[in-house]
Amino acid sequence: MGIFDKLFNKKKEVIDFPPIPKWKPNLPIDLNLILEKSKYYTDKKIQIAVFENGTVIMFPERVSDINSSALETLDKIYNTHPDFNPTEMDDGNYTIQYNEPAFNIVFKEEIENHWKYIDKNHIDGICTDEVLINANGEHNVFNEIGKICLFGRTKMFMDAQNPKVVLTFDNMDK
């Protein structure tokens, strides 16, 4: 009867969406440093919003309302598959970048001071039913940079679940 159950008694599988990883890092966050580094990385040429857990939204085109535009951008990232791409910056920090103009910074000092914590918890940065494929085609296998990415990305998920813009920079206010 198993095959007929599948055909005639279809039960809809409930999939959590948007995705939420289990890991919610509890390390201190220096939001002022995040804003300063964001201004440095963008050469102070664009508007910036920083969320409570450190997610940074950039505005390549000028917006009239930084806060509401930042909320919209974060919502777009959260409600699609949040692909990410790491970039090592000239100061040794990593930015975890998304398909929208946004990123999280993982500071070199965070990595050095909290590597055991990141290494131990990185797998909980994967969302339910998520499969991430590395450059070698391996599923959910992460090198050091992959673990750093998962750590940074968890902060975006935390911001998306309870979005609060806490700092902004308007390049016209220099």
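Before reading on, note that the structure itself is shown above.
Residues numbered from 1 in each chain as written. Predicted model: local features only at pLDDT ≥ 70, side-chain atom pairs only at ≥ 80, totals over all residues. Heavy atoms only, no water.

Asker: Help me out: how do you make sense of the packing of aromatic side chains in this one?
Answerer: This structure, assessed with the given rule, holds four aromatic pairs. Judged by centre distance (5.6 Å) and plane angle (40°), the rings of W23 and F151 are tilted. Highlighted residues: W23 in the loop between α1 (2-8) and α2 (31-41) and F151 in helix α5 (residues 144-161), separated in sequence by 128 residues. The class for F151 is buried, based on a relative accessible area of 0%. Seen from their ring centres, Y40 and Y41 are 5.7 Å apart, and the 55° between their planes marks the pair as tilted. Look at Y41 and you get buried, because its relative accessible area is 18%. An aromatic cluster of at least three residues, connected via ring pairs, comprises W23, Y117 and F151. It is K37 that lies over the ring of Y40; its NZ or CZ is 5.6 Å from the centre. (Phe/Tyr/Trp six-rings, centres within 6.5 Å; stacked < 30°, edge-to-face > 60°. Helix = DSSP H or I, 4+ residues; strand = E, 2+ residues; numbered from the N terminus. Buried < 20%, exposed > 50% of the residue type's maximum accessible area, 1.4 Å probe, protein only. Lys NZ or Arg CZ within 6 Å of the ring centre and 35° of its normal.)

Asker: Even after reading the chapter, I still don't get unusual backbone geometry, so can you show me in this structure?
Answerer: Backbone phi values are negative for most residues with the exception of glycine, while trans is the configuration of most peptide bonds. Phi is positive for D43, which is not a glycine, with a value near 55°. By the element assignment, D43 lies in the loop between α2 and β1 (47-51). The residue K44 is not glycine, and still its phi comes out positive at about 55°. On the secondary structure map, K44 appears in the loop between α2 and β1. The class for K44 is partly exposed, based on a relative accessible area of 40%.

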